[in-house]
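Spelled out from the first residue to the last, the chains are:
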Amino acid sequence: MDEFYKIVFAFPRVVRDLVRGFLPEPWTADLDLDRLELLPTAYVSDGWHTRYGDRIWKIPYRQDADRPPGAYVVLLLEFQSEVDATMPVRMLVYTGLLFQELLRQRQGLSEERVLPHVVPLVVYNGRRRWNLPLSMTEMTLPGGAVMAEFQPRQSYLALDEWRRSTDDLPSDNLVSSLVALETSQGKALDLAVAELAGLLNDPVDAQIRHAFRYWIERLRPRRTRRPGRSYTAMLMEEPMTLLESVNERLQKYYDDLERQAIERGLEQGIEQGLEQGIEQGRLRALEQFLAEERALLRRMAERRFGSAVAERLATVLADIADNDGFAAVGDAIVDSASGDELIGRVGANDA
């Protein structure tokens, strides 16, 4: 987990989505996210002890913000797959070493050695709830107002991925896609990969797409009970493989349809008669399959052209009930340059 997160959070676009979608808005509104700068993560103390953080980003304030010239925030990222009750102390140590290094390099805000703001953030993907202390104050012995004045008070933020509902995740956001991929199964996973593919369909995002594909190939087979799913094909370098993946899944569904119908029909056949039960099971499985594929193609269209186009496409999809028809719509979604072109193409096909 750590290595992938270190790779993907080294891309400015991912960090921008993290800040915009998951950090408090009152102060992020003043940040200039077009001037992100990745800082070294290894710091050596005065006693020659080396400490390593995971990812550290320098984010300047906007020039029109009410801040001193050159003011900036340091985003200190730590990636965790297990809970760690000592995290407030770890973040305090990292922050202290960071400040030492900035002073050593004379990177304060002025000759008076004013230090920047630091925002520590834990990105956590473990199943156990991150219900740990979020500040040094919670870990320090209570001692009244007099003693409290001399104690460290640093706090940190925690993004607990399994506690975030996929319905509440920010849209058009790579970190939302990451959270959805970590926590989804079945059809929700298909939609999460399709959404990620839509966000990364520009050639400039090839490196990010490659990082996600490498991670999915190694992580997702351990997370799903349905073998043979072509999740990574959606993230190949050529956009057409998104369509190819959909077509492969469609064919697999049709191949499995008879077996599913028989199984479901046999269950109902105990009460309704074997022949009637098989037929009802077949129809129910077919209806579920068609609904899922229409939802997937509609979501793909929404990712590329917006909700209005997706709503128009839904009326066309409602009349499609075969593999060739779904393939034609998927082809049009990938190849069309605009929503109007897409609707024109699928309308002509439907006619």
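All figures in this text were calculated on a predicted structure; none of them were measured in a lab.

Q: Which parts of the structure should I look at to understand the packing of aromatic side chains?
A: Given two aromatic rings, their pairing is described by the distance between the two centres and the angle made by the two planes. A complete count under the given rule lists 8 aromatic pairs for this structure. With a centroid separation of 5.5 Å and 75 degrees between ring planes, the pair formed by Phe4 and Phe212 is classed as edge-to-face. You can see Phe4 sitting in helix H1 (residues 2–8) and its partner Phe212 sitting in helix H9 (residues 206–219), a full 208 residues away along the chain. Exposure class is identical for Phe4 and Phe212. Each is buried. Ring pairing ties together the aromatic residues Phe4, Tyr5, Phe9, Phe79, Phe212 and Trp215, which thus form one cluster. In this structure, Lys58 packs its charged tip against the face of Tyr72, placed 4.5 Å from the ring centre. Across the ring face of Trp162, the terminal group of Arg127 is positioned such that the distance to the ring centre comes to 3.8 Å.

Q: Honestly, a nonpolar patch on the surface in this entry has me stumped. Any pointers?
A: On the surface, a nonpolar cluster with roughly 200 Å² of combined accessible area is contributed by Val89, Val93 and Met139. Take Met139: it is sitting in helix H5 (residues 136–139). Met139 sits in the partly exposed class, given a relative accessible area of 37%.

Q: So what exactly am I meant to see when it comes to the sheet that holds strand S5 (residues 72–80) here?
A: Strands belonging to one sheet form pairs held by backbone hydrogen bonds; the direction of such a pair is parallel or antiparallel. Here 5 strands make up an open sheet; going across it, the order is S1-S4-S5-S6-S7 and the pairing mixed. Edge positions in the open sheet fall to strand S1 (37–39) and strand S7 (157–160), since each of these has one partner strand only. When the angles between neighbouring strand axes are averaged without regard to direction, this sheet yields 25 degrees. Sheet strands touched by helix H4 (residues 87–104): S5 and strand S6 (117–124). Its angle to S5, the strand with the most contacts, is close to 140 degrees.

Q: So what exactly am I meant to see when it comes to the nonpolar core here?
A: Side chains of nonpolar character tend, in soluble globular proteins, to be buried together. Phe9, Leu18, Leu75, Leu181 and Phe212 are the most contacted members of the largest nonpolar core, which has 45 residues in total. Looking at this core, the elements with two or more residues in it are H1, helix H2 (12–22), strand S4 (55–60), S5, S6, helix H7 (174–183), helix H8 (186–199) and H9. Per-element accounting of this core gives the leading share, 6 residues, to H7. Residues within four places of Leu18 in sequence aside, it is in contact with Phe9, Leu23, Leu75, Leu77, Leu121, Leu159 and Val175. Met300, Phe305, Leu317 and Leu342 belong to the second largest nonpolar core, which has 20 residues in total.

Q: What exactly am I supposed to notice about the pairing of S4 here?
A: Counting buried residues along S4, 6 of its 6 residues qualify, which places the element largely inside the surrounding structure. Neither face of S4 is exposed, since Arg55, Trp57 and Ile59 on one face and Ile56, Lys58 and Pro60 on the opposite face are all buried. Across 3 bridges, S1 lies against S4 in antiparallel orientation. Looking at S4, one finds that Glu37 is bridged to Lys58. Taken together, the 6 bridges between S4 and S5 define a ladder with antiparallel strand orientation. Of the residues in S5, the one forming a bridge with Pro60 is Tyr72.

Q: I'm lost on the packing of H2 against H7 in this one. Help?
A: Axis angle and axis distance: for two packed helices, these are the angle between their axes and the distance between the axes, and together they describe the pair. It is the contact of H2 with H7, at a shortest axis distance of 7 Å, that shows an interaxial angle of 85 degrees. Classified by the angle their axes make, H2 and H7 are roughly perpendicular. Taking contact as the criterion, the partners of Arg13, Val14, Asp17, Leu18 and Phe22 in H2 are, on H7, Leu174, Val175 and Ser176. Each residue belonging to the contact of H2 with H7 can be placed in one class, and the counts come to 5 nonpolar, 1 polar and 2 charged.

Q: Honestly, the packing of H7 against H8 in this entry has me stumped. Any pointers?
A: The geometry of H7 relative to H8 is characterised by a closest axis approach of 9 Å and an angle of 155 degrees between their N-to-C directions. The angle between the axes of H7 and H8 places the two elements in the roughly antiparallel class. Considering only the axes of H7 and H8, their crossing is left-handed. Only Leu189, Ala192, Val193, Glu195, Leu196 and Leu199 of H8 make contact with H7, whose side of the interface consists of Leu174, Ser177, Ala180 and Leu181. Of the residues belonging to the contact of H7 with H8, the class tally is 8 nonpolar, 1 polar and 1 charged.

Q: Looking at this structure, how should I read H4?
A: If you check H4, its first and last C-alpha atoms are 25 Å apart, about what 18 residues at 1.5 Å a residue would give, namely 26 Å. Taken from the residues just after H4, Arg106 is the one with a positive phi, measuring 55 degrees.

Q: Explain the side chain of Thr183 to me, please; I cannot follow it from the model alone.
A: By the secondary structure assignment, Thr183 is in helix H7. A polar contact of 2.8 Å, which involves the side chain of Thr183, links it to the backbone oxygen of Val179. With residues up to four places along the chain from it excluded, the contact list for Thr183 reads Glu161, Trp162 and Thr166.

Q: Just checking my understanding: could you explain unusual backbone geometry for this structure?
A: One can expect most non-glycine residues to show negative phi and most peptide bonds to be in trans. Here the phi dihedral of Asp172 falls at roughly 55 degrees; this positive angle occurs in a residue that is not glycine. Relative to the assigned elements, Asp172 resides in the loop between S7 and H7. Assessed through its relative accessible area of 47%, Asp172 is described here as partly exposed.

Thresholds applied
Residues numbered from 1 in each chain as written. Predicted model: local features only at pLDDT ≥ 70, side-chain atom pairs only at ≥ 80, totals over all residues. Heavy atoms only, no water. Phe/Tyr/Trp six-rings, centres within 6.5 Å; stacked < 30°, edge-to-face > 60°. Helix = DSSP H or I, 4+ residues; strand = E, 2+ residues; numbered from the N terminus. Buried < 20%, exposed > 50% of the residue type's maximum accessible area, 1.4 Å probe, protein only. Lys NZ or Arg CZ within 6 Å of the ring centre and 35° of its normal. Patch = residues over 30% accessible without salt bridge, like charges linked within 9 Å, V, L, I, M, F, W, Y side chains within 5 Å. Areas by Shrake-Rupley, 256 points an atom, 1.4 Å probe, with all protein chains shown as cover. Salt bridge = Lys/Arg side-chain N within 4 Å of Asp/Glu carboxyl O. Pairing = 2+ DSSP bridges. Axes fitted to C-alpha atoms, helices over the stretch in contact; angles between N-to-C directions. Contact = heavy atoms within 4.5 Å. Core = buried A, V, L, I, M, F, W, Y, C linked by side-chain atoms within 4.5 Å. Parallel < 35°, antiparallel > 145°, perpendicular 65-115°, else oblique. Nonpolar A, V, L, I, M, F, W, Y, C, P; charged D, E, K, R; others polar. Left-handed = near helix turned anticlockwise from the far one by under 90°. Expected span 1.5 Å × (residues − 1). Polar contact = N/O pair within 3.5 Å; in protein donor to acceptor, adjacent residues only side chain to side chain.

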